[in-house]
Amino acid sequence: MKTSFNLQYTLLAMALASVYPLSAAAAPSAGIAQFTTGEVSVRRNDGKTDPLVKGKDIESGQSIITGANGRAQVKFTDGGLISLQPGTEFKVANYVDKADPKEDRFLVDLLRGSMRAITGLIGKRNRENYKVTTTTATIGIRGSGFNAGYNPDGSLSVTTELDAIEVCNSGGCIGLTAGESVRVINNTDAPVRTNVRAAVPTPPPDQEPIVVGNNVNGEGKATIVVGALVPVQRTFTDIQVAAVGTNGGSQYTLLSGAGATSIFSDNKLLKVDDNASGFGIWSETGTPQPEANFKGIGSVTDPNFIGWGTWTTGQKDYLGITMLDNVHYVAGRPTSQTDISALLYSGVANYTLVGNTAPTQNGVAGTLNGATFSVNFQTGYTISVAINTSFGNFTDTASGSTPTFSGAYIQGMFVGSNAAFAGLTYAKDPGGGLITGAVAFQK
């Protein structure tokens, strides 16, 4: 009887399979939408397009399309992340995650728009199986993070954030280390190095203040719920801050030491606690400046992050309170001593200005007309700086052998791997009052 029952069960299962061939198991998920805002849709394998909302699975073969105000972030099963900016079409061409270097695949297409990528385990298990294809080039990884985006003229810009990548087309290949960029004009001319970073704004970690949750209406579209979100604050002990403020015509400076605690809201610095080094606790006071006024390259959580900004009013709390005006700062993760030592004897490195605060003098904001920064790496290194402001100009030099440096009018640090960036603050009185500000440079 037992054998007969099993036979009947098997025959029934075979009959059902022949009648309902489409009832096969669903395709495995490649990833999940962690974040969506604005107009975002997914084109399924059957050609149908549905709204994409938080928590929805993404499968191999599907495409994600963002509208003019749409953004999305997808986390893949191998731990990789893709952030898509407005006006982007991104296809998961062939994704396989079997924890097998021979079978794993992360092959995706960026057809238009821009994206930021952080690679997961597939790229680590077999980097040859991780490729991002565009209309003009293919991006392969040698590291774990990069930005890519199309420009208005149809060219492609690629910037690596972490470690290294390789950009190839029929004209040739070019390798990039952290902080470097290339521009690809078409699919036949080789990629060309550039100091212009890929225009891929990093989406905020939180949604717009008017959005709470990812609710959907009856049509499956995002529902906006009026509310107010408190910006997420993050605390770090690996970010160094250089700052300068004034009080009664005198300057007060900060170059935080190892282990100092800094608190950020997005890329805006809120407070630095460096009591251990004798610099005290610096914080913004008065009416807070909008977070949009605080700029940076990358997100504050990125290893190569560098940011800058100005507090209209602040204070230094150390053995009493000192009120400060126009506090300019630059912040980032300092280059390791190992990287600095490895650069010695490498010759002269010229840096390009990538960001700055508006210089101030006697409480009045002016203009930074230009700034140059070069380093001669010798047994130690020697820095040459020129600052040109609407209030006046000056030059300065500094020397050292550690990630931090200071001169007669400047103080700052190298930031990121291989000293990819440098940031500094300055204070100089040409006779009419202190000129103060902050600048950031990229190698």
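Parameters at a glance
- Residues numbered from 1 in each chain as written.
- Predicted model: local features only at pLDDT ≥ 70, side-chain atom pairs only at ≥ 80, totals over all residues.
- Heavy atoms only, no water.
- Core = buried A, V, L, I, M, F, W, Y, C linked by side-chain atoms within 4.5 Å.
- Buried < 20%, exposed > 50% of the residue type's maximum accessible area, 1.4 Å probe, protein only.
- Contact = heavy atoms within 4.5 Å.
- Salt bridge = Lys/Arg side-chain N within 4 Å of Asp/Glu carboxyl O.
- Helix = DSSP H or I, 4+ residues; strand = E, 2+ residues; numbered from the N terminus.
- Pairing = 2+ DSSP bridges.

A. Representation of the nonpolar core. Counting residues in hydrophobic clusters, the biggest one holds 37 residues, and the most contacted among them are F76, I82, M115, F146 and V167. Sequence-distant contacts of V167, that is, excluding residues within four places in its chain, are made with A137, T138, I139, V158, G172, C173, I174, L176, V182, V184 and P191. Core analysis: the next-biggest nonpolar cluster, separate from the first, contains 26 residues, I340, L343, I387 and F405 among them.

B. Layout of the pattern of salt bridges. Using the criterion set out here, one finds twelve salt bridges in the structure. A salt bridge links E103 to K98, with the shortest nitrogen-to-oxygen separation between them at 3.3 Å. In this structure E103 comes out as partly exposed when scored by relative accessible area, which is 39%. Taking the relative accessible area as the measure of exposure, K98 reaches 54% and is therefore exposed. The salt bridge involving K268 is made with E284; its shortest N-O contact spans 2.9 Å. With a gap of 16 residues between them, K268 in strand β23 (residues 268-274) and E284 in strand β24 (residues 280-284) connect regions that are remote in the sequence. Per residue, the accessibility class of K268 equals that of E284, and both read buried.

C. Quick look at the pairing of strand β27 (residues 321-332). In this sheet, β27 lies alongside strand β20 (residues 240-247) in antiparallel orientation, the contact comprising six bridges. Its bridge partner being in β27, A242 is matched across the sheet by V330. Where strand β26 (residues 306-317) lies against β27, eleven bridges are found, and the strand directions are antiparallel. Within β27, the residue paired with T313 across the bridge is D325. Hairpin geometry of β26 and β27 is characterised by an intervening segment of three residues between the two adjacent antiparallel strands and by a positive phi of about 55 degrees at L319.

D. Main features of unusual backbone geometry. A positive phi angle, close to 45 degrees, is found at N326, a residue other than glycine. With respect to the element layout, N326 can be found in strand β27. Residue class for N326 comes out buried when judged on its relative accessible area of 13%. Phi is positive for N418, close to 60 degrees, though the residue is something other than glycine.

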